[in-house]
Every structure is written in structure tokens, then in C-alpha cells.
Amino acid sequence: MSDNFTFSKDKIWSRRQLLQIGLSGAGVLSAAAIWQMLNTKNHPSVRVPPMEVAASNGATNPMQVLRDFDYGTIKQENGRTVREFQLTAGTSTIQLNSAVSYNIWDLNGRIPGPTLRAKEGERIRIIFLNNAGHSHSLHFHGVHPAEMDGIRPVSNRRATIYEFDAEPYGVHLYHCHVAPVTRHIAKGLYGMFVIDPPKPRPPADEIVLIMSGYDVNDDNKNEYYAFNGVPHHYMHHPIQIYKNQLIRVYVLNIIEFDPAVTFHLHANFFDVYRSGMTMTPSEKTDVLTMGVAERHILEFAFRYPGKYMFHPHQDAIAESGCMGQFEVIAEKDSQKSVNKS
Ligand SMILES: [Cu+2]
């Protein structure tokens, strides 16, 4: 198979050239490493229980999706910070339960796609390679010129670059915008895009929860639902968190075919930062209604140890897989904890 990708303006780019314009390679500092250093310097540490990362289920590993942020690669160009990401669409299979496997489109080999993370004001460059056998695109929520809106299909084996400024700060998303969008999203082409505010939020154990649905028989109704790709995963593998530790959940509803769902947390209340676009919470609740593509930041801490469920309160949706639980533990009960920041 050819190792060449064609950009929209008919220029042929080899993988080597793509690497040279910054996909990876020598001389480019890892943004993640820099971020970690800054956090360590400026903030007291956040304690995170060691995570059990089980073998991946086809295209996804919900335990890995949970606390995994893609900070891209930082470059300085003409006095400006450019944060560059590479997203490659592909095809794979996911096991929805012991009997049902489902063909999906993935991004960088996973569903949901990587949680991209930047700081407000940076220049963002997304290098999108489509290797998924069908035309796709990446449409980012945010503020950008029309030509960067990502609604133009990118053919199979072609590539394109989206470039725009990271604004405004908040928790946003990206997804394929090729018709029918319902199908292209429900088959896996979506992810979260977090833009951090200029003044960082307080240190917290940060967790990504993305609600999605699967219509496996094409009847425009979902038969299965999930947090972070795999139905019921966090029921069988509870998310361990520490007692009295501030938890910051970045939550997104990308369930197609259902107009809205709620997010409900057991035995607690959470502060809501709508669209992640404020530094002070707008409300405190235990049930939050979210239309399709709505996303928020939720903050809470648990006072008592034990297992606590979270799920949409449309209970049929929860029972079809969109259900999980936190396991609150005392730090002394953990063998070794991970110093996160
Ligand atoms: Cu698509």
C-alpha cells in the first residue's frame, strides 16, 4: 500500500514530509513533559490511585481514555506557540458485549478519539490523515474561519490541515461532519477538545467521561450505550478515586438519535461549569440535562468510602450500557498511589 497522503490542494506528501513538518521527530519537545513540569512547579500534588489498565477491547481501552490527555507537540513559529496534533482515521472492531462485535471508525486507533488539550490563545494545527476507506472530515467546535470549519469531505488516503486559534477556553469537541453525520459520529468519529483558561483551574484528579450510543441494526435507534466506548465497562471496572480529593469530570454527551440525556451522580452533588466556559460554577445539582454535543465541567469530592454509580437518569439508556461507578477509597488503603501532577 502506498505510504503517500494527498492534501486537498493536490500536493502529494510522503509520510517522511509529514514527519518533517512536525508530526514527531527529533528536536521537538514533548508538550506533555513541559506541562507536567509546570504543574509540579506551581501546584501541590494531586493524588490519583494506581490504575488497572486491562487489555484493550478492540479499538478502545476505557481505563486509558479516562485520564489520558493529548497535549500535542509544541513549536515556536514567528514568536507564537503552535500546538500541533496528528489525527488519523482508521477502521477497527469493538466488542460491545460477549456476543456482539461492531465495525467502527476510529481516530488514532481509539474510540473516542484522543482528548486534545491546549491553552487559550495558542495556535492549533491539526494534521488529519484519512485512512478509513471512506470520506471523512474533522469539524471543531470553537471560533475559526469558514475554511477551517471541517465540513468539506476529505477522501480516503488523503490528508488535510486545520489551523485556528484556541478560543474560547472551555470543554469543546470535534467530530466528523460528513453526511449522514449521525452515522459518522455514531460509528466513532468524535472526541473531546479541552482549552484551558489562561489562569489554570485548581489542581484536581481530572477525568474524561464521554457518553455515546451504538445503532447496530441501522434502525435510527441505539441498542447499546457507553461511557468512553465500551458498554458497562466502569460497572465491571469501577473508577477508583480518593476520598476528599477534588474530582474534575469533563463530561460530553455525543449520543445520536436520542434528543437529550441526563448525567446523574449517586450520593453526592456536583458544581457545574457550563461548557467549561466559566471559572465559577453556575449551579450545584445531582442531575444535569445535556442535549447532543453539550459538554460541561463537573466538580465534586466524596466524603465517604464505597461504590457510587453514575448514569443518565433515562434508566433504559443506563441499563443498555451507559452506566458506571466510582470506587472511593482512603489513601491509606491504596498500596501505592501515583503522583499525578
Ligand atoms: Cu466521517
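Residues numbered from 1 in each chain as written. Predicted model: local features only at pLDDT ≥ 70, side-chain atom pairs only at ≥ 80, totals over all residues.

K.L.:
Would you mind showing me how to read the overall build of the protein here?
P.N.:
What the protein contains, in helices and strands, is six helices and 25 strands. Within the protein, the proportion of its 341 residues that are buried is 40%. The contacts of the protein with a sequence gap of at least 6 include a subset with a gap of at least 24, amounting to 71%. (Helix = DSSP H or I, 4+ residues; strand = E, 2+ residues; numbered from the N terminus. Buried ≥ 20, exposed ≤ 12 C-beta atoms within 10 Å, placed from the backbone. Contact = placed C-beta atoms within 7 Å.)

K.L.:
What exactly am I supposed to notice about the environment of L129 here?
P.N.:
Among the secondary structure elements, L129 is positioned in strand 9 (residues 123-130). Assessed through the 22 C-beta atoms surrounding it within 10 Å, L129 is described here as buried. Between the C-alpha atoms of L129 and N108, which are 21 residues apart in sequence, the distance is 9.8 Å.

K.L.:
Would you mind going over the nonpolar core with me for this structure?
P.N.:
Across soluble globular proteins, nonpolar side chains have a tendency to be buried as a group. Of all hydrophobic cores here, the largest spans 80 residues; its most connected members are F128, M192 and M211. With residues up to four places along the chain from it excluded, the contact list for F128 reads L87, L138, V154, A159, T160 and Y162. (Core = buried A, V, L, I, M, F, W, Y, C linked by C-beta atoms within 7 Å.)

K.L.:
How should I be thinking about the sheet that holds strand 20 (residues 283-285) in this particular structure?
P.N.:
Within a sheet, each strand pairs with its neighbour through backbone hydrogen bonds, oriented either parallel or antiparallel. Pairing is mixed across the open sheet formed by six strands, whose spatial order is 15-14-17-22-19-20. Only two strands of the sheet have a single neighbouring strand rather than two, namely strand 15 (224-227) and strand 20. For this sheet the average axis-to-axis angle between neighbouring strands, irrespective of direction, equals 25 degrees. Inspection of the sheet shows strand 19 (residues 270-274) paired to strand 22 (residues 295-300) by four bridges, in the antiparallel sense. Along strand 22, the bridge assignment pairs D271 with E299. (Pairing = 2+ DSSP bridges. Axes fitted to C-alpha atoms, helices over the stretch in contact; angles between N-to-C directions.)

K.L.:
What is the right way to read unusual backbone geometry from this model?
P.N.:
Negative phi is the rule for most residues except glycine; trans is the rule for most peptide bonds. The step from E167 to P168 runs through a cis peptide bond, and the omega angle for that step is -10 degrees. Residue position: P168 is located in the loop between strand 11 (158-165) and strand 12 (170-175). Even without being glycine, N228 reaches a positive phi, approximately 55 degrees. Within the fold, N228 resides in the loop between strand 15 and helix 5 (233-236). Of note in the backbone geometry, H232 takes a positive phi value of approximately 60 degrees without being a glycine. Following the sequence through the fold, H232 ends up in the loop between strand 15 and helix 5.

K.L.:
Please explain the pairing of strand 6 (residues 80-95) as it appears in this structure.
P.N.:
Sheet topology note: the strand 5 (residues 73-77)/strand 6 ladder contains five bridges and is antiparallel. Bridged to I74 within strand 6 is R83. In this structure, the hairpin formed by strand 5 and strand 6 is closed by a connection of two residues, where N78 is found at a positive phi of approximately 50 degrees. Here eight bridges tie strand 6 to strand 9, and the two strands are oriented parallel to one another. Directly across from V82, in strand 9, lies its bridge partner R123. Bridging between strand 6 and strand 7 (residues 101-107) involves seven bridges; their strand directions are antiparallel.

K.L.:
How should I be thinking about the sheet that holds strand 23 (residues 306-311) in this particular structure?
P.N.:
Strand order in the open sheet made by the five strands is 16-24-23-18-21, with mixed pairing throughout. Here the strands that pair on one side only, and so sit at the sheet edges, are strand 16 (239-242) and strand 21 (287-291). With strand direction ignored, the average angle separating the axes of adjacent strands in the sheet is 25 degrees. As judged from the two bridges shared by strand 18 (residues 260-265) and strand 23, these two strands associate in the antiparallel manner. Residue H264 lies in a different strand from strand 23, and its bridge partner there is H311.

K.L.:
Honestly, the confidence of the model for the protein in this entry has me stumped. Any pointers?
P.N.:
One rule of thumb: low pLDDT means the predicted coordinates there are not for detailed reading. Per-residue pLDDT for the protein averages 87, and the proportion of residues at 70 or more is 82%. Counting contacts from residues 1-43, a segment whose pLDDT is below 50, to residues more than four positions away or on other chains yields 51 contacts. (pLDDT = per-residue confidence, 0-100.)

K.L.:
Looking at this structure, how should I read the environment of N228?
P.N.:
On the neighbour-count criterion, N228 (25 C-beta atoms within 10 Å) is buried. Taking C-alpha positions, N228 is 6.7 Å from V65, a pair spaced 163 residues apart along the chain. Not counting the four nearest positions on each side in its chain, N228 is found in contact with P62, V65, L66, P112, L209, I210 and H233.

K.L.:
Before we go on, may I ask you to explain the environment of N131 in this structure?
P.N.:
By secondary structure assignment, the location of N131 is in the loop between strand 9 and strand 10 (139-140). Here N131 falls in the partly exposed class, since 15 other C-beta atoms lie within 10 Å of it. Taking the C-alpha atoms as reference points, N131 and A89, 42 residues apart in sequence, are found 5.4 Å from one another. In this structure, N131 is in contact with T88, A89, G90 and R157, ignoring residues within four places of it in sequence.

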